[in-house]
Amino acid sequence: MRRDIWWAQPLAVFIGLGAFVVYSTWAAFQGEHYFFGNYISPFYSPELFGDSPHSWFGSKPLWWPAWLLFSPALLILWAPGGFRLTCYYYRGAYYKAFWADPPACAVGEPRKTYLGERSFPLILQNIHRYFLYLALVFIVILGYDALKATRFDGHFGVGVGTLVLLINVILLGGYTFGCHSLRHLVGGFADQLSRSRPRYNAYACVTCLNQRHMLWAWMSLFWVGFTDVYVRLCSMGIWHDFRLL
C-alpha cells in the first residue's frame, strides 16, 4: 500500500554491496598487480607469503596444495571480510537488500517463518566481537603500510598513493573505532561510567564515531576498494603516481 519509492534504498544497497563483493572477490584471486613500489593494496596486507618486497615470510609456502590457486589475499581477507559481514550495520543492510527481511518499514517479508539470530547459521553473527580484535590489528598494519608509503629510495616523500593509503587508514579507523562491540568493550561493563574518567572518555569517543557508523561504513568500503584499484592501475602502468613532495 506504500506509494513512495521505498525500494530505492534497498536497491542502492544491493547494487553497492554486490558490486564490492564481485570486485573484491575478483581482485583477491588475481594474485598480481597488488603492489607498486612502496605501495601495497589493503586487500593483500599483511602479505604473509608472496613474491613482492612486502612479503613477510617469503614466496608461496611449500605446504600450499599444488592444485589450489594461490593468492596472498586468500590468506588474510577472511579477517576484515568477516568483520564487515558480521557488523551490526551491515547485517541490517544486507538483510533488507538481499533477503528482503524486510525490505523496508511496513513492507511484508516474502516468508512465513523467521527464526532470527538464535539458530544456525545466523547465530554465528555473534562472532563479530572476536573479529573486532583482528580488525584492530589490521588498522595498525595498514597504518604501517601508510608510513612505508612515505619512503622513496630511502628518503621521505609524499605521492598521490601515499595520501590514498593514508585516507584509507583514517576511514577504516573511523569505521572500526565506531564499532558497537568496541563501544560495549570500553564502557559496557561499568555500572557507572562517571566513576572512571578514562573509560568514560573512551566510551564517549567511540559513541561519537558510532553515531555516524553507517557513513563511516560506506566511505571506508568505497575507499578500500578504490585503494586497491589505484595500486593495481599504477602497477599495470595505466595510472602514473605523481610525487607531491
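Refer to the structure printed above.
A. Focus on the nonpolar core. L17, F83, Y90 and Y175 are the most contacted members of the largest nonpolar core, which totals 47 residues. For this core, the element with the most residues is helix α8 (residues 213-235), which contributes 8 residues. With residues near it in sequence (within four places) discarded, Y90 still touches L17, R84, Y95, Y175, A217, W218 and L221. Counting residues in each nonpolar core, the second largest holds 7 residues, with F49, F70, A79 and F138 among its members.

B. Structural view of the packing of aromatic side chains. Per the stated rule, a full pass over the model turns up 27 aromatic pairs. For the ring pair Y39 and F152, a centre distance of 6.2 Å and an interplane angle of 90 degrees mean the geometry is edge-to-face. With Y39 in strand β2 (residues 39-40) and F152 in strand β3 (residues 151-152), the pair connects residues that are 113 residues apart, well separated along the chain. Residues Y39 and F152 agree in their burial class; the two are buried. Each ring, one from Y94 and one from Y95, has its centre 5.3 Å from the other, and the planes form 80 degrees; the classification is edge-to-face. In terms of burial, Y94 and Y95 fall into one category: buried. One aromatic cluster is present, built from ring pairs that chain together F49, W56, F57, W63, W64 and F70. The ring centre of Y175 lies 4.4 Å from the NZ or CZ of R84, which sits over that ring. Taking the ring centre of F152 as reference, the NZ or CZ of R243 above it sits at 3.8 Å.

C. Inspection of the packing of helix α1 (residues 8-30) against α8 at higher detail. Contact pair α1 / α8: the axes reach a minimum separation of 11 Å and the direction vectors enclose 35 degrees. In terms of crossing hand, the pair formed by α1 and α8 is left-handed. Across from V13, G16, L17, F20, Y23, W26, A27 and Q30 in α1, the residues of α8 making contact are W218, L221, V224, G225, D228, V229 and R232. Of the residues assigned to the contact of α1 with α8, the class counts are 10 nonpolar, 3 polar and 2 charged.

D. Representation of unusual backbone geometry in the model. The step from D101 to P102 runs through a cis peptide bond, and the omega angle for that step is -20 degrees. Mapped onto the secondary structure, P102 falls in the loop between α3 (88-99) and α4 (128-148). Residue F120 is joined to P121 through a cis peptide bond whose omega torsion reads 10 degrees. Position of P121 relative to the elements: it lies in the loop between α3 and α4. With a phi angle near 65 degrees, A106 is a residue other than glycine that sits in the positive phi range.

E. The arrangement of the side chain of S55 in detail. Structurally, S55 can be placed in the loop between β2 and α2 (78-85). Taking the relative accessible area as the measure of exposure, S55 reaches 17% and is therefore buried. Side-chain polar atoms of S55 contact the backbone nitrogen of G50, separated by 3.2 Å. Here the side chain of S55 touches G58 through a polar contact of 2.6 Å, landing on its backbone oxygen.

Reading the values: the criteria
- Residues numbered from 1 in each chain as written.
- Predicted model: local features only at pLDDT ≥ 70, side-chain atom pairs only at ≥ 80, totals over all residues.
- Heavy atoms only, no water.
- Core = buried A, V, L, I, M, F, W, Y, C linked by side-chain atoms within 4.5 Å.
- Buried < 20%, exposed > 50% of the residue type's maximum accessible area, 1.4 Å probe, protein only.
- Helix = DSSP H or I, 4+ residues; strand = E, 2+ residues; numbered from the N terminus.
- Contact = heavy atoms within 4.5 Å.
- Phe/Tyr/Trp six-rings, centres within 6.5 Å; stacked < 30°, edge-to-face > 60°.
- Lys NZ or Arg CZ within 6 Å of the ring centre and 35° of its normal.
- Axes fitted to C-alpha atoms, helices over the stretch in contact; angles between N-to-C directions.
- Left-handed = near helix turned anticlockwise from the far one by under 90°.
- Nonpolar A, V, L, I, M, F, W, Y, C, P; charged D, E, K, R; others polar.
- Polar contact = N/O pair within 3.5 Å; in protein donor to acceptor, adjacent residues only side chain to side chain.

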